[in-house]
Amino acid sequence: MERKRLLEASARFALSALLHDLGKFAERAGMEAANLDGHKAVYCPLSPKKTYSHVHAAYTAMAVDVIERSIPDIRKGEMTPFSSWGDLERKDDSLINAAAMHHKPETKLQKIIAQADRLASGFERSEADLYQHAQEEREESPGKRVDHYTARLWPLLETITPTGNFRQPRHRYPLKAMAPETLFPVPVTEHPNKDHSRKEYESLWQDFIAGLEKIPSSHRHSLPLWLDHFDSLWLTFTYAIPSATATRTADGTFLSIPADVSLHDHSKAVAALAVALWRHEGDGKEFLLIQGDFFGIQEFIFHPDEASEHAAKRLRGRSFMVALLTELAAMKVLEAFDLPATSQITNAAGKFLIVAPRIENGQERLQEVQKELDRWFLQHTFGNSGIGLAATEAECADFGKGNSFKNLMDRLHRDLDRCKRQRFDLCNASEDPVFAATYDHGACTIDGRMPAVREAGKTVCPLCRDQEKMGSLLVKKNRLLITRLERGPLSDDTLALDYLGYRVTFTGSEEISGRFGNLVREETLLRAWDFSLPENGAAPLWNGYARRAINGFVSRDEKDQIVEFSDLATKGKGVAALGIVKGDVDNLGEFFRNGLQHPTFARMASLSRQLNSFFALCLPWRCRDKFPNTYTIFAGGDDFFLLGPWKEQLDLLADMRQEFARYVRNEGIHFSAGFVMTKPGIPVPSLAELSEHALGQAKKRQEEGKTVKNAVTCWQRTVSWDDFEGLRGIEKELTALVQWLEETHKFTVGTAYLYGLLHLCAMANGKKPEDALWRSWFVYRTWRMLVDRIPGLDEAQRKELYQRKFAAPIGERIAHHKENFKIALFAHLYQQREKSQ
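Remember, predicted model here, so these are calculated numbers, not experimental data.

(A) Region of the structure containing the overall build of the chain. In terms of helices and strands, the chain carries 27 helices and 24 strands. Rg of the C-alpha trace for the chain: 30 Å, near the compact-globule value of 28 Å for 837 residues, within the 12% margin. Seen along its three principal axes, the alpha-carbon backbone of the chain occupies a region of about 105 × 80 × 50 Å. By the burial criterion, 60% of the 837 residues in the chain qualify as buried. Taking the intrachain contacts of the chain between residues at least 6 apart in sequence as the baseline, contacts between residues at least 24 apart amount to 71%. Averaging the locations of the 110 positively and 113 negatively charged side chains of the chain gives two centres separated by 3 Å.

What follows is the structure, encoded as structure tokens:
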């Protein structure tokens, strides 16, 4: 089959598989069901009790009819691999039947989707193994039996442990469209009744139908493009809908099962597996699981920057470019295998996973993509960064029985690790010298190493030029158009370089470009991505286009321009300085390798998406809503790097810790962070090095001789998060005390006294015999420099004031926190200093 037709056919098959459980959504929403009994007879199997089971399959067929007017044509014309409605010989092989017959499959295409459905859920395991907790979970709370209407989705993050022991979740996701605020699970107080649940589902269904209309109708002429949009729509409105709440046992009865995988995550896994099953060639293993990994991210973002002007724009542009290049590399792989976007299961923090079919020349195709990626990165980064591709063959049995799925995950991990160690394959390179370069205009004046070109009086390399341009456009535009290099729009908002064979153009209002319909008709537009932040925390993350969480929050001035670092430092109270925060989730590898008691393909994808959503969606929104001077250099996957006024970053750190705990609802899942305070003129690579060192210290925190992490390093002191919050409280009390003395007693606490406390903190932590004198020094200095100098008090009042305001609030807390008390002192002191200092 010609490759363009093959891609279209693959997208069509993926759509059918993606819609296979649409009926679950429609049934729970109370969609009007004309001729329900007739549809049951066609699509639903008979149970041993002679009643129809899996009624949602009948609703799937009816629901596809409802949305048909808003999706690409599924009845006539080119329908490969399905039959058109005029094909009487294959009348049962329509797209609708393939989607709806997955519990009663008859044709080859229907059986493939049914098989993919089982693989995504791991149903090949024995019933006893899969449902050993099912009886316990049939009632989610005392006396509250749930069904497919009233069940709510469990947060997987709450249920996992590093050892795989199951934790009973006490929270559920609200049944709402995806938005920054609705991504947080809520406590289970009482389960909604059936009528209330139907109303919730009905509201969500109506919003889904309305959202479908927002996809530009012209994009229906390019099924791969439209399908990418639809996948984001499907995620937005089904991420909180449980995929399954019950299963049928061998005797025909139904058994409640954990509702821990969303309808979207399950459906997308089914779509990816189904396309691979349909497309695989030959005997044996059916799948080629392809991983991508952007290595050298730190070097790419934080490489030396010789020019101070517009440093903020370039830094943000480089961070954005990491996410963009990763997405484009995934596109190259999909294109090499003629696969739609739904075959890309995960993409976060510079890593992606694609389910491809094992075909005869699959490895050769992948090698060609790797060569193209290598050439690009060698040319533009001299090999300091790159994207490696690892391929792992798998068969259906790997997704089910016993430890087979865990073994598959281990193989994926090993293959990716091997790929990292063989970057660029330079030992086997047979092409021209990879570092050949000419410097007709000298080296780039920004990065100091790449060959420069002369443009508008500047001598910079094309990559730095695009990065600065990108950093500027990010605050003005909210969409990206991806086209072929030799085609597509050329405007002031088009990046100059070839990006892995694609042309990248920023755009804003869709009305300006006619919703890009002309590019679709010309077969030019490959992807159109929306990366805007929502207007409010409850607004659904849906604007009619495929979403990519590749843009964080950027601080802007009143003219909507990016705030430069030197200006950003003056936004806070006290000394003009920047706070740099870097952190990541502790022991994440253990959770992903061992956390799920019953790992399945859909559960792994769901776990990855849930974790990424906090850093890629919730955190940028939190910055916009509560910490507007923050600059998200990157945030996604399991890590983050933030920059802003030092005091605001301290507040954000404490807030993040609380919000993350509210998000995961699992005290075993936590992150560590490093905080560094610095003047804005320090080079970007130094900022990265300092913050990385601080994070490393936090990761070394120990209790009782064991490394426990779960810490923050601040002003070179490493403390637990509980101690950090306590010290922040002490800082506020200290500030309040100083203010009280000024307002009540007209007495100003001198900085000499406060700086002297820093020395006493060090003594309290010391081992020398003379260090034990710190308490005596504290009493002496507090009386001499403070208590005795406060006017208008008699001796009894001074003693009472000392005990109430100084002995316990300061002295005893120094005794408890020792040198860590410096965190509270520094935070207070730097707030009192003038910005000119």
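Next comes the rest of the write-up.
(B) Region of the structure containing the sheet that holds strand β13 (residues 479-484). On the basis of which strands lie adjacent, the open sheet formed by four strands has the order β14-β13-β15-β16 and mixed pairing. Of all the strands in the sheet, just β14 (502-507) and β16 (546-547) have a single pairing partner and so form its edges. Note: β13 against strand β15 (residues 525-530), five bridges, orientation antiparallel. Looking at β15, one finds that Arg 479 is bridged to Asp 530. Sheet contacts for helix α10 (residues 223-238): β15 and β16; angle to β15, the most-contacted strand, approximately 20 degrees.

(C) Structural context of the nonpolar core. Within the largest apolar cluster, 251 residues are counted, with the highest numbers of intra-cluster contacts made by Phe 208, Phe 230 and Phe 287. Among the elements that line this core, the one with the most residues is helix α13 (residues 311-336), at 14 residues. Not counting the four nearest positions on each side in its chain, Phe 208 is found in contact with Leu 22, Phe 25, Ile 67, Phe 230, Leu 233, Trp 234 and Phe 237. Among the nonpolar cores identified, the runner-up in size contains eight residues, and Leu 225, Phe 516, Leu 525 and Tyr 545 belong to it.

(D) Spatial organisation of helix α25 (residues 774-785). The end-to-end C-alpha distance of α25 is 16 Å, a good match for the 16 Å that twelve residues give at a rise of 1.5 Å each. Residues of α25 that are buried in the fold lie against α24 (751-764) and α26 (795-817).

(E) Seen up close, the pairing of β13. With five of its six residues buried, β13 lies for the most part within the structure. With six bridges joining them, β13 and β14 adopt antiparallel strand pairing. Each bridged residue has a counterpart across the sheet, and for Thr 483 the counterpart in β14 is Arg 503.

(F) Here's a closer look at helix α6 (residues 108-121). Its 14 residues give α6 an end-to-end C-alpha distance of 20 Å, which sits within 8% of 20 Å, the value for a rise of 1.5 Å per residue. Counting buried positions along α6 gives ten out of 14 residues, so the element sits mostly inside the fold. Where α6 is concerned, the buried positions are Leu 109, Gln 110, Ile 112, Ile 113, Ala 114, Ala 116, Asp 117, Leu 119, Ala 120 and Ser 121. As for α6, its buried residues are in contact with α1 (3-18), α5 (95-100), α11 (263-279), β7 (287-295) and α20 (601-626).

(G) Region of the structure containing the packing of α13 against helix α16 (residues 462-473). Between α13 and α16, the shortest axis-to-axis distance is 7 Å and the interhelical angle comes to 100 degrees. As far as their axial angle goes, α16 and α13 are roughly perpendicular. Residue-level inspection shows Lys 313, Arg 314, Gly 317, Arg 318, Phe 320, Met 321 and Leu 324 of α13 in contact with α16, the latter providing Leu 463, Cys 464, Asp 466, Gln 467, Glu 468, Met 470, Gly 471 and Ser 472.

(H) Focus on the packing of aromatic side chains. Per the stated rule, a full pass over the model turns up 45 aromatic pairs. Between Phe 25 and Phe 208, the aromatic rings sit 5.6 Å apart at their centres with planes inclined by 45 degrees, giving tilted as the arrangement. Taken as a pair, Phe 25 in helix α2 (residues 22-28) and Phe 208 in helix α9 (residues 194-212) lie far apart in primary sequence, 183 residues in all. Classification of Phe 208 by relative accessible area gives buried; the value is 0%. The rings of Phe 184, Phe 614, Phe 615, Phe 640, Phe 660, Tyr 663, Phe 671, Trp 721 and Phe 724 are connected pair by pair, giving a single aromatic cluster. Positioned over the ring face of Tyr 502 is Lys 332, at 5.1 Å from the centre of the ring. The ring of Phe 184 has Arg 662 sitting right over it, with the charged end atom 3.9 Å from the ring centre.

(I) Up close: the pattern of salt bridges. In the structure shown here, the tally under the stated rule is 48 salt bridges. Between Glu 731 and Arg 728 there is a salt bridge, and its shortest N-O distance comes to 2.7 Å. Linking Glu 731 with Arg 728, this pair stays in helix α23 (residues 721-745), spanning three residues, or about one helical turn. Considered together, Glu 731 and Arg 728 belong to a single accessibility category, that of buried residues. Overlapping salt bridges bring together Asp 228, Glu 327, Arg 527 and Arg 548 as one network.

(J) Region of the structure containing unusual backbone geometry. Here the amide bond leading from Thr 80 into Pro 81 is cis, since omega sits at 10 degrees, within 30 degrees of zero. Turning to its location among the elements, Pro 81 is positioned in the loop between α4 (56-67) and α5. One non-glycine residue, Leu 500, adopts positive backbone phi at about 60 degrees. Looking at the element boundaries, Leu 500 is found in the loop between β13 and β14. On the basis of relative accessibility, which here comes to 1%, the residue Leu 500 falls in the buried class.

(K) The environment of Ala 616, seen in detail. Here Ala 616 is to be found in helix α20. For Ala 616, a relative accessible area of 5% corresponds to the buried category. When the C-alpha positions of Ala 616 and Asn 594 are compared, they lie 24 Å apart, and in sequence the two are 22 residues distant. Excluding residues that lie within four positions of it along the chain, Ala 616 makes contacts with Ala 549, Ala 635 and Gly 636.

(L) View of the pairing of strand β17 (residues 578-585). Extensive coverage of β17 is indicated by the burial of eight of its eight residues. Where β17 lies against strand β20 (residues 671-678), eight bridges are found, and the strand directions are antiparallel. Paired with Asp 584 across the two strands is Ser 672, which belongs to β20.

(M) Just the side chain of Thr 483, in detail. Within the fold, Thr 483 resides in strand β13. Look at Thr 483 and you get buried, because its relative accessible area is 1%. Setting aside its immediate chain neighbours within four residues, Thr 483 contacts Gly 488, Pro 489, Tyr 502, Arg 503, Thr 524, Leu 525 and Leu 526.

(N) Seen up close, the sheet that holds strand β10 (residues 386-394). The sheet built from four strands is open, its strands ordered β8-β9-β7-β10 with antiparallel pairing. At either end of the open sheet lies a strand with only one pairing partner, and these are β8 (344-348) and β10. Shown here is a sheet whose adjacent strand axes are inclined to one another by a mean of 20 degrees, direction ignored. Strand direction decides the pairing type here: β8 and strand β9 (residues 351-357), joined by four bridges, are antiparallel. Note on β9: the bridge partner recorded for Asn 347 is Phe 352. Sitting on the sheet, α13 is in contact with β7, β8, β9 and β10, with an inclination near 10 degrees to β9.

(O) How the structure looks around the environment of Asp 466. Structurally, the position occupied by Asp 466 is in helix α16. Relative accessible area serves as the criterion here: at 1%, Asp 466 is assigned to the buried category. Distance in space between the C-alpha atoms of Asp 466 and Arg 314 is 8.7 Å, their sequence separation being 152 residues. If near-sequence neighbours (up to four positions away) are discounted, Asp 466 is found in contact with Met 321, Leu 495, Ala 496, Leu 497 and Tyr 499.

(P) How the structure looks around the state of the cysteines. Taken as a whole and judged by the stated rule, the model has zero disulfides. Here Cys 623 is not cross-linked by a disulfide; its sulfur's nearest cysteine counterpart is in Cys 618, at 11 Å.

Definitions and cut-offs
- Residues numbered from 1 in each chain as written.
- Predicted model: local features only at pLDDT ≥ 70, side-chain atom pairs only at ≥ 80, totals over all residues.
- Heavy atoms only, no water.
- Helix = DSSP H or I, 4+ residues; strand = E, 2+ residues; numbered from the N terminus.
- Rg over C-alpha atoms; globule rule 2.2 N^0.38 Å.
- Buried < 20%, exposed > 50% of the residue type's maximum accessible area, 1.4 Å probe, protein only.
- Contact = heavy atoms within 4.5 Å.
- Lys, Arg positive; Asp, Glu negative; His and termini not counted.
- Charge placed at Lys NZ, Arg CZ, Asp CG, Glu CD.
- Pairing = 2+ DSSP bridges.
- Axes fitted to C-alpha atoms, helices over the stretch in contact; angles between N-to-C directions.
- Core = buried A, V, L, I, M, F, W, Y, C linked by side-chain atoms within 4.5 Å.
- Expected span 1.5 Å × (residues − 1).
- Parallel < 35°, antiparallel > 145°, perpendicular 65-115°, else oblique.
- Phe/Tyr/Trp six-rings, centres within 6.5 Å; stacked < 30°, edge-to-face > 60°.
- Lys NZ or Arg CZ within 6 Å of the ring centre and 35° of its normal.
- Salt bridge = Lys/Arg side-chain N within 4 Å of Asp/Glu carboxyl O.
- Disulfide = S-S within 2.5 Å.

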